[in-house]
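So you can see what is in the structure, the chains are spelled out below.
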There are 2 protein chains.
Amino acid sequence: MADSSEPEATAPSRRALIGWGGAGLALGAVAVGGAVAVTRADEDMDPAGASAGAAVDFHGTHQAGIATPVQDRLHFAAFDVTTDDRAAFVAMLRDWTEAARRMTAGHAVGEGAYGGLAEAPPDDTGEALGLKPSRLTLTIGFGPSLFERFGLAGKRPDALIDLPKFAGDNLDRNRSGGDLCIQACSDDPQVAVHAIRNLARIGFGKVVIRWSQLGFGKTSSTTPDAQTPRNLMGFKDGTRNIAGTETARLRKFVWVDEKDGPAWMEGGSYLVARRIRMHIETWDRTSLQEQEDIFGRDKGEGAPVGKAKERDEPFLKAMLPDAHVRLAHPDSNHGATLLRRGYSFTDGTDGLGRLDAGLFFLAYQRDVRKGFVQVQRNLATDALNEYIQHVGSAVFAVPPGVRDKDDWWGSTLFSEEA
Amino acid sequence: MADSSEPEATAPSRRALIGWGGAGLALGAVAVGGAVAVTRADEDMDPAGASAGAAVDFHGTHQAGIATPVQDRLHFAAFDVTTDDRAAFVAMLRDWTEAARRMTAGHAVGEGAYGGLAEAPPDDTGEALGLKPSRLTLTIGFGPSLFERFGLAGKRPDALIDLPKFAGDNLDRNRSGGDLCIQACSDDPQVAVHAIRNLARIGFGKVVIRWSQLGFGKTSSTTPDAQTPRNLMGFKDGTRNIAGTETARLRKFVWVDEKDGPAWMEGGSYLVARRIRMHIETWDRTSLQEQEDIFGRDKGEGAPVGKAKERDEPFLKAMLPDAHVRLAHPDSNHGATLLRRGYSFTDGTDGLGRLDAGLFFLAYQRDVRKGFVQVQRNLATDALNEYIQHVGSAVFAVPPGVRDKDDWWGSTLFSEEA
């Protein structure tokens, strides 16, 4: 496969683009003269206005989609690698990067497919044509099992541990793990779904989707002073989340720095993804007082026990010993603080007439051992556990940002030997 | 259960409300003095502005959610009845109506649960607090199997047939049928999910969810001159949909009138719901030309073969004999025309690395036999069938609208013997 990371000033490799689908070359590559790329940004069909339709910069020291203000919708996919060909895999990462660069800017994948008298097979599946960029971010992560491939064993970060089994875990293998992941966040679900689908298409023959998750409503905020959106228990949770503007807390709790190592992860982070099923029918039959005692905050405002406002400093000793806020608070966890970016999910019904619904928990941290593992162990006695169950789990090393248009996802991990 | 259809000027029956959850009475009914209902409409957290946050009138000759301009998101649930007690079922319909009236106006279910020092169990699950009405509509339908209960056998409309088996059907029993259904449409998915969940909660002991479906993106428009949103094949389909303002076409194709009978259905309609899985990975490897030939329209603009614009009158003979537009067009179906209100879905992965995605097709019509059955039979030779499969199916009689605050869902069917 051709290298699509060449400077954009030269003509993009159309051959590489149409080869992605596997059948493209067999169908014939027809050059399209004078075609112009259709950009979603050109149109204005979105009633939400400019802010919701805007583009988020794909390039930077850190990947977008972590400190970025949380978008409304999520499509998350974990992939397994199906090739032993390192060069082909690296070429796919470069192709993915180029596609991600285009899609986050509001363009279709490839150029010219819909301009003029195009007869070539489509470079893009098309369902996002006419839609705005909608703040799409695409964030890649590498799972522990990836480091068993491609001669990467010596590169696996110490902080990327296999998660231990936690009390109450009931993990479904088919909703856990993965060699790599893509987190697609956008204010428009069609834009997020389109992005995952097109990356899966580009990866055909190299990777296959292991599991995926749609999140319909955000449950956290990384915007300072914004109210925390409610989860499906009707509560605000994780109310003291790290804001994307809090540089010092991000540096302390989220971004890997040069002291942490390995060097290829500097500027990156670690992501823990947990599918947390809520037994909402049982929860809904619990009294308001009991619900508030379990959380350690009131339902209406979200204030900690005895306080008036959501963001008031909690007085932990006023809460029951097994209250969720008390057990999850940094003061109970040697200071451990996570950047939360989870979404609510509702995936139909479980066959027993109950909604298969809950929280798809996503948390970023500088070290999984000092972050999620610390907190989750402390939640072993959480009163909330009677109403929830962790049914899916994965952990990923999230590499640093793509610096510029010549850089690509995973370059720090793969380039020295590429 | 108390009758909650009493005029709103008198105090609502709080006892009936807290009894809904089943455990409510056991936990004790505490009167809450001076509490005020928290309304979602009071707040302004939605960046989409007033139009997206507005309320749609629940009352009218027809139910809202049919001719109403299509909202962005869907949560659809089919329920089975679990009680033989007709009076209890009718009381639930009245309670559902009152809850639907409140939720579509942007209020929580019940009154006062979060105002003041409430200690009673919550009347509302709370996750939509602080959100706007978001154009929520709730639309009820009665399935054929409901008429085998409660002495209703003589009331089943002739037009509410059991759908025949169509060529290519591969129906999953667990995604088909249902004694009744609720279609919840809203511009905010959390609002739609909240509504279904609270109706399920109120129905505890009388009904249980049989299956449910989340739709993340609308695929049709009932707004005149609006562009048709793309489906997950990247195409605009059903482009000549009936607009909510086209009174004559609505009367001709959608609303049951006094000539049609039965009398209790006058002003109602019939809903066909089909879960249509798309084999999108196969589709994505098909050339653009082939895709356009299969549909009979171009992908970029959505214009019929040989025409320039989406809404140009198609020249059917210019299309391949098995083109989708040609076979689905009213001219090929004795004039049959459906009001389409379908949504795209993506429900994770199918275990073979393929996205479980497609179209949740919803169509309203005056007579199922002359509407969906006619068109679907004609689509037996549709070229599109190689890329899709119908995996779920249901049909419902959708009664007329709730006239005013004293009326309730199903009153025309149940009241004469209630």
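Here the structure is a predicted model, which is why all the values come from computation and not from measurement.

Sites flagged by UniProt as "domain: Dyp-type peroxidase C-terminal" (unreviewed entry) map to residues 228-402 of chain A. Across residues 228-402 of chain A one finds 19% helix and 23% strand; the C-alpha atoms that close the span lie 30 Å apart.

Residues and elements named next belong to chain A. Note that Asp 179 resides in the loop between strand S2 (137-142) and strand S3 (180-186). Among the polar contacts made by the side chain of Asp 179, one reaches the side chain of Ser 145 at a distance of 2.4 Å. In contact with Asp 179, other than residues within four places in its own chain, are Phe 79, Asp 80, Val 81, Gly 141, Phe 142, Gly 143, Ser 145, Leu 146 and Arg 149.

All names here are of chain A. Contact geometry of helix H4 (residues 86-104) with helix H5 (residues 189-202) gives a least axis separation of 10 Å together with a crossing angle of 155 degrees. Classified by the angle between their axes, H4 and H5 sit roughly antiparallel to one another. Crossing angle aside, the handedness with which H4 passes H5 is right-handed. Within the contact between the two elements, H4 uses Met 92, Asp 95, Trp 96, Ala 99 and Met 103 and H5 uses His 194, Ala 195, Asn 198, Leu 199 and Ile 202. Considering only residue class, the contact of H4 with H5 consists of seven nonpolar, two polar and one charged.

To continue, consider the environment of Lys132(B). Position of Lys132(B) among the secondary structure elements: in the loop between helix H4 (86-104) and strand S2 (137-142). On the basis of relative accessibility, which here comes to 11%, the residue Lys132(B) falls in the buried class.

Here the focus is the packing of aromatic side chains. This model, assessed by the stated rule, comprises 34 aromatic pairs over all chains. Aromatic pair Phe361(A) and Phe372(A): ring centres 5.7 Å apart, planes at 45 degrees, arrangement tilted. Pair noted here: Phe361(A) is in strand S9 (residues 355-365) and Phe372(A) is in helix H10 (residues 369-378), with a separation of eleven residues, a long-range link. Given the relative accessible area of 2%, Phe372(A) is considered buried. Consider the rings of Phe142(B) and Phe414(B), whose centres lie 6.3 Å apart with planes at 85 degrees: the pair is edge-to-face. Linking Phe142(B) in strand S2 with Phe414(B) in helix H11 (residues 411-414), this pair joins segments that are 272 residues apart in sequence. As far as burial versus exposure is concerned, Phe142(B) and Phe414(B) are alike and both buried.

Thresholds, definitions, all that
Residues numbered from 1 in each chain as written. Chains lettered and ligands numbered in written order. Predicted model: local features only at pLDDT ≥ 70, side-chain atom pairs only at ≥ 80, totals over all residues. Heavy atoms only, no water. UniProt positions renumbered as here; feature names shortened; annotations may be inferred. Helix = DSSP H or I, 4+ residues; strand = E, 2+ residues; numbered from the N terminus. Polar contact = N/O pair within 3.5 Å; in protein donor to acceptor, adjacent residues only side chain to side chain. Contact = heavy atoms within 4.5 Å. Axes fitted to C-alpha atoms, helices over the stretch in contact; angles between N-to-C directions. Parallel < 35°, antiparallel > 145°, perpendicular 65-115°, else oblique. Left-handed = near helix turned anticlockwise from the far one by under 90°. Nonpolar A, V, L, I, M, F, W, Y, C, P; charged D, E, K, R; others polar. Buried < 20%, exposed > 50% of the residue type's maximum accessible area, 1.4 Å probe, protein only. Phe/Tyr/Trp six-rings, centres within 6.5 Å; stacked < 30°, edge-to-face > 60°.

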